[in-house]
Amino acid sequence: MADVMIAVTPFHGHAAPMAAVAAAFVEAGHSVRVDTGEAYAARFEAVGAEVLRWRTAPDFDEHDLAATFPALAGRKGPRQLLLNVEHLFVRTGSGQFDDLRAAFAVRPWDVIVAESTSLGAALVAESTGTPWATVALTPLTSPSIALPPPGLALRPARGGPGRARDRLLHRVARLVTRPIQRAYAEQRLAAGLPPTATTFDEACYSPQLVCANGVAELENPRPEASGRLRFVGRLARPGDDDLERPDWWHEVPPASHGRAPASTCTRGGRRRERSPARFAGSHGTPRTG
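Here is what the cut-offs are and how they apply
Residues numbered from 1 in each chain as written. Predicted model: local features only at pLDDT ≥ 70, side-chain atom pairs only at ≥ 80, totals over all residues. Heavy atoms only, no water. Axes fitted to C-alpha atoms, helices over the stretch in contact; angles between N-to-C directions. Helix = DSSP H or I, 4+ residues; strand = E, 2+ residues; numbered from the N terminus. Parallel < 35°, antiparallel > 145°, perpendicular 65-115°, else oblique. Left-handed = near helix turned anticlockwise from the far one by under 90°. Contact = heavy atoms within 4.5 Å. Core = buried A, V, L, I, M, F, W, Y, C linked by side-chain atoms within 4.5 Å. Buried < 20%, exposed > 50% of the residue type's maximum accessible area, 1.4 Å probe, protein only.

Student: Sorry, what's going on with the packing of helix α6 (residues 119-128) against helix α8 (residues 178-190) here?
Tutor: Packed helices, taken two at a time, are described by the angle between their axes plus the distance between the axes. Contact geometry of α6 with α8 gives a least axis separation of 11 Å together with a crossing angle of 45°. When the interaxial angle is binned, α6 and α8 end up oblique. Of the two elements, α6 crosses α8, and the hand of that crossing is right-handed. Counting all contacts with α6, which are made through L119, L123 and E126, the residues of α8 involved are Y184, Q187 and R188.

Encoded structure:
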């Protein structure tokens with residue numbers, strides 16, 4: 001039996017698949033602790049895990065992020081995305097580290113398993129020297145010499161001009177994300193770790209093992225990750241399809257008269273207050289994902 005620590009950022013889209021991971025460890029007979037926010041403590045307790053709630057790390061309400069992170073108020077577009085990464089995922093890192101380090105001092109674990117936005121897990125794995133596995137819940141965002149920067153919806157380069165384009169884009173990306181890299185350096189310093197040339201987008205992926213949600217056919221090849229990358233399919237438990245419906249669900253037209261199903265794709269968090277006006281022209285029964 002192994003002692004497993006699981007680190008989860010408290011968003012619905014992160015907690016749901018990681019609860020399936022926790023349940024699999026519990027069902028295999030391992031001792032499982034989960035470090036996460038108050039909002040999802042009951043979800044992990046329900047699968048038999050011991051929950052350690054964020055204390056030093058700033059717990060937050062995913063429906064009102066600005067209440068905990070005022071810098072996010074009123075931001076939109078790419079600027080909001082960059083600030084979200086900096087404040088939600090980077091600047092909470094040393095607080096996560098402190099919580100995890102305290103738990104390790106009480107009872108050392110054999111392995112830490114964390115989703116790929118949990119910087120605290122990366123820091124504490126380096127500090128304690130314990131094995132670490134990353135669970136990638138979204139399309140991979142780790143930088144690759146074979147690909148353009150993530151998030152640009154560009155195909156892999158073919159030929160010299162394409163590779164030159166990608167080199168230029170990677171330089172631009174490093175300039176745009178300098179505030180994120182500075183924040184990462186500050187979090188390392190706060191955790192008592194030395195400076196490093198590794199960037200934040202590299203740091204949250206374990207050099208030992210990355211278990212990616214989904215299938216390899218939906219990802220571009222990453223030659224530098226081939227030895228540590230494993231695709232594990234869908235991370236879900238039986239009954240996870242019985243989703244809680246948002247308040248606006250009654251506005252969506254039902255399937256009838258041969259209408260085709262419609263699907264909705266969501267981010268990791270939930271914005272339940274938004275009406276499905278974008279479905280005005282769709283006909284069918286939506287499914288959330």
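The rest of the description comes next.
Student: What am I meant to see in the side chain of T92 here?
Tutor: Position of T92 relative to the elements: it lies in the loop between α4 (77-90) and α5 (93-106). Other than its neighbours up to four places away in sequence, T92 contacts A57, P58, F69, H87 and Q187.

Student: Please clarify how the nonpolar core should be interpreted in this entry.
Tutor: Across soluble globular proteins, you tend to see nonpolar side chains buried next to one another. Formed by 35 residues in total, the largest nonpolar core has its most connected members in W109, I112, L119 and F200. Within the residue set of this core, elements represented by two or more residues are β1 (3-7), α4, α5, β4 (111-115), α6, α8 and α9 (200-203). With 6 residues, the single largest contributor to this core is α6. Not counting residues up to four positions away in its chain, the partners in contact with F200 are V85, F89, V90, L119, I180, Q181 and Y184. Counting residues in each nonpolar core, the second largest holds 22 residues, with A19, V34, A41 and V113 among its members.

These figures capture arrangement, not role.
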